[in-house]
Each structure stands twice: as structure tokens, then as C-alpha cells.
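Notes for the structure review
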Amino acid sequence: MAYRIAIVGATGNVGRAIAQSLAERAFPVERLTPLASSRSTGAEVSFGDTVLKVQDAATYDFSKEDLVFFCANARDAEKIIPRILSTSKAYVIDKSSAYRMEPNVPLVVPEVNAQTLCLATKKRLVASPNCVAIPLALTLAPLQSLGTIEKVIVSTYQSVSGAGKEAMDELYLQTKATFVAEHIPPQAFSKPIAFNVIPQIDSFEQDGFTGEELKIIMELKKMLSPQIQITPTCVRVPVFVGHCAALNVTFDKKVSPQEARAIFKSAPSISLLDSADKELFATPLDVAGEDTAFVSRLRQNPRTPHDLTFWVACDNLRKGSALNAVQIAETLVTQKHLQ
Ligand SMILES: NC(=O)c1ccc[n+]([C@@H]2O[C@H](COP(=O)([O-])OP(=O)(O)OC[C@H]3O[C@@H](n4cnc5c(N)ncnc54)[C@H](OP(=O)(O)O)[C@@H]3O)[C@@H](O)[C@H]2O)c1
């Protein structure tokens, strides 16, 4: 069985990475249709050895699709996804934040909660989490076997590709401009991103938290447990690809780094860089192009034996977004929802 697939937002960072991932993983594709806004009609997108022409999502007839990956922004999701669902029998995997918190829409990292995909059978809509929430869920979920996780304090270091292709151009152009004493005013971010770090991702909302921080709190609670107390600080850094996070995790009982190491070693989609060599750790450059979340610098303050501290690095365009969406599609097939 092969599937008729459309990608809405195929010219963007995530859309292009989904086409690449479908080809790399030999997902059974009967035909692939790249879609974007009318601005990109006729643009080209690679799928394996073939080059496909982009069509306008606004006028596209979705009735013949089996599966649609939605990779444009949340505002457009609210307009386009209801039309896809009402005019076709396709499953939609939504990369945007539009439907993530809806109770009857599963929010899925297949290694963590593939069983919740059965919730999607009625509405045919599955949400893929935020690009930091994915590696955090991947690493926190297996640690739940050590004890109840009470509290997570996390600081993120997020690359500009997480904000889309125009944000990547902004970092590139501002960096170049600095060397010739020119000034390019910020557009994608609130302050210049070249040679800077910005402790703001998304707009400021309740209690001084940003939209990105609230997404991490809400999405982790939905996927892992409503009881976990999470305090994130999200920071944009001048890196093109790869999101990192420094976590301090508090359990309801004493835990040991040795136990955590053993768990991470056997957990799916996690690479543990932690051995006798204490200098082994993963940076964004190390993880770009990789399919797993890398855990390193795992340690414990001897005065807080209920806590573990570690560093996570993950390619936000692969496991942090496109790969996770393609794995959701693969799971829809193996669980026989998509036939
Ligand atoms: N980047 C990440 O790490 C990441 C991770 C998880 C989730 N996400 C989410 O995934 C989505 C895509 O992110 P991205 O980084 O790929 O953004 P991006 O690089 O800016 O790409 C946006 C895509 O949306 C298309 N688009 C814009 N308006 C549209 C419309 N009215 N109808 C159809 N398509 C339209 C764009 O097409 P044009 O070329 O025509 O403008 C482009 O293909 C966002 O919701 C984002 O929050 C991103």
C-alpha cells in the first residue's frame, strides 16, 4: 500500500525536511504534492531524486489525499485544516501549535505516547509537539520509571531555524553586515540575533512567561503528567540548527545518575554521551543532521539527592519536527489507522 500525500508549507524549513525524511525512510508514497502560499507557486522542492513543483494550498483540492502534513503557521492551520478534514478522508499531521491542546487531538511523540493515536480516529487530526517539547518529552518519559517527577527547571538554547526560514536569513545577513559595519534592523526577533542571545521566544504572556515557555509547560503536562511543575526559560541563540536544553529534574525520592544512565542507554531515540570521559558532550553542530536526542553532562549535586542535572541537544528540524511527524505517519500505518 502506498499513500497520496500533500505537504502544506513545503517550501519552509519543516516542510522541506519532511520531504527529505519521507524519502530517506522510504515511506510508501504513491505521489507527493508540495503546497505553499500563492507566493511560491511554481517553486521547486526536492523529493529523493525528483524535483516537484509547488502548488497553491488555498485553491488545492484535498479530496484525493490520504495524508497531509501541515507545516505552515497556526493561524493558517485554523483556516486550512478544517477544510482538509471536511473535504477529504485524509489524516492530518499538524506541525503548528493550533490544535495541540485540544483534548480530543492526540499530541504525539511516538516513543512516548504512541498509544494515544487511537484518539485520532474520529477527527483524523494528530498534533506534533513543539520543537523543544519533543526532546524534553523523549528524555523525561523514560526517567519516570525512576520515580515521580515533581519539578523540572529548564533553560533552552534554541537555534534560529526554529523560527523559520526568514529568521535564518536574518542571522546570516546580520552576521555578514557586522563585518562591514552595516546595520540590519531585527524583524524576526525583538533584538539583533547576530553575536547576541535573546531571552524571549514568542510574545510575552501571563506572569512574564513567553508563548514558547507556556507551550513547553502545557505540552509536557499533556504528554507526561498534569502534576509535573515545569519552569522554563527559553533563549534564542545565534546558531542555525540544533536546540539545546539544560535541565534540573526533581523526583519524589532519591535517584542516582547510574540508574539514569542505565535508563537512557536503553531508551529509544536517545544517544547517551556519558562515560568515563567527562568531557564528552553534544553541541548543536554535533547533532545537526542526527535523528536522536543527545543526553550528556548527566550529574547530581550530592546535597540534592532527589535531583538530576543534564544537557540535551537535538536537531530541531529532524527529531524536533519533521522526523517526529514522519514517525507519527509510520505509526498510523503500523497501528492500521491509515489504510
Ligand atoms: N522550525 C522548527 O524547528 C519547527 C519545529 C516544530 C514546529 N514548527 C512549526 O512548523 C510550522 C512551520 O515552521 P517552519 O520553521 O517550516 O516555517 P517557515 O520556514 O517559515 O515555512 C513556512 C511555510 O509555510 C508556508 N505558508 C505560509 N503562509 C501560507 C499559507 N497561507 N498557506 C499555505 N502555506 C503557507 C510558507 O510558504 P511560502 O514559501 O509560500 O511563504 C512556507 O512553506 C510552524 O507552525 C512552526 O511553528 C517548526
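Thresholds, definitions, all that
- Residues numbered from 1 in each chain as written.
- Predicted model: local features only at pLDDT ≥ 70, side-chain atom pairs only at ≥ 80, totals over all residues.
- Helix = DSSP H or I, 4+ residues; strand = E, 2+ residues; numbered from the N terminus.
- Rg over C-alpha atoms; globule rule 2.2 N^0.38 Å.
- Buried ≥ 20, exposed ≤ 12 C-beta atoms within 10 Å, placed from the backbone.
- Contact = placed C-beta atoms within 7 Å.
- Core = buried A, V, L, I, M, F, W, Y, C linked by C-beta atoms within 7 Å.
- Domains from an automatic or database assignment.
- Near = placed C-beta within 6 Å.
- Nonpolar A, V, L, I, M, F, W, Y, C, P; charged D, E, K, R; others polar.
- Pairing = 2+ DSSP bridges.
- Axes fitted to C-alpha atoms, helices over the stretch in contact; angles between N-to-C directions.

**A word on the overall build of the chain**
When its secondary structure is counted, the chain shows 10 helices and 14 strands. Against the globule reference of 20 Å for 339 residues, the chain gives a C-alpha radius of gyration of 20 Å, in line with a compact fold. Counting all 339 residues of the chain, 46% fall into the buried class. In the chain, once contacts between residues fewer than 6 apart in sequence are set aside, the share between residues at least 24 apart is 67%.

**Overview of the nonpolar core**
Ranked by internal contacts, the top residues of the largest apolar core, which has 94 residues, are Val-8, Ile-18, Val-68, Phe-70, Ala-137 and Val-312. Per element, the largest residue contribution to this core is eight residues, and it comes from helix α5 (residues 133-143). When residues of this core are assigned to domains, at least three map to each of domain 1 (3-129 + 321-334) and domain 2 (133-159 + 197-316). Contacts of Val-312, omitting those with residues within four sequence positions, involve Pro-135, Thr-139, Cys-244, Ala-245, Leu-247, Ala-293, Phe-294 and Val-295. By size, the runner-up hydrophobic cluster in this structure holds six residues, among which are Val-160, Ala-163, Leu-171 and Ile-193.

**A closer look at the site of the ligand**
Inspection of the region around the ligand gives 30 residues, with Gly-9, Gly-12, Ala-72, Cys-131 and Gly-164 positioned closest. Of all the secondary-structure elements, those providing two or more residues to the shell around the ligand are α1 (13-24), α2 (74-87) and α10 (318-334). Looking at the shell around the ligand, the element that brings in the most residues is α1, giving three residues. Split into classes, the residues belonging to the shell around the ligand amount to 10 nonpolar, 16 polar and four charged.

**Description of the sheet that holds strand β7 (residues 91-94)**
What the six strands build is an open sheet, ordered β5-β2-β1-β6-β7-β8; its pairing is parallel. Bordering the open sheet on either side are β5 (55-56) and β8 (125-127), each of which pairs with just one other strand. Two strands pair when backbone bridges link them, and strand β6 (residues 67-70) and β7 are joined in this way by four bridges, in the parallel orientation. Paired with Phe-69 across the strands is Ile-93, a residue of β7. α2 contacts β1 (3-8), β6, β7 and β8 of the sheet and is inclined by roughly 160° relative to β7.

**Considerations on the pairing of strand β4 (residues 50-53)**
In terms of strand pairing, strand β3 (residues 44-47) meets β4 through four bridges, oriented antiparallel. Residue Val-45 lies in a different strand from β4, and its bridge partner there is Leu-52.

**Things to note about the domain arrangement of the chain**
According to the domain assignment, the chain contains domain 1 (3-129 + 321-334) and domain 2 (133-159 + 197-316). Mapped onto the side of domain 1 that touches domain 2, the elements with two or more residues apiece are α3 (110-113) and α10. Split into classes, the residues belonging to the side of domain 1 that touches domain 2 amount to six nonpolar, four polar and two charged.

**Quick notes on the sheet that holds strand β9 (residues 149-158)**
Overall, mixed pairing links the six strands, which are arranged β10-β9-β11-β14-β13-β12 in an open sheet. The open sheet has two free edges, formed respectively by β10 (229-236) and β12 (270-273), since each of these has just one partner strand. The mean inter-strand angle of the sheet, taken between neighbouring strand axes irrespective of direction, is 20°. As defined by bridge partners, strand β13 (residues 293-299) adjoins strand β14 (residues 307-314) across four bridges and the pair is classed as antiparallel. In the strand pairing of β14, Val-295 is matched with Val-312. Against the sheet, helix α8 (residues 257-266) engages β12, β13 and β14, with an angle of about 170° to β13.

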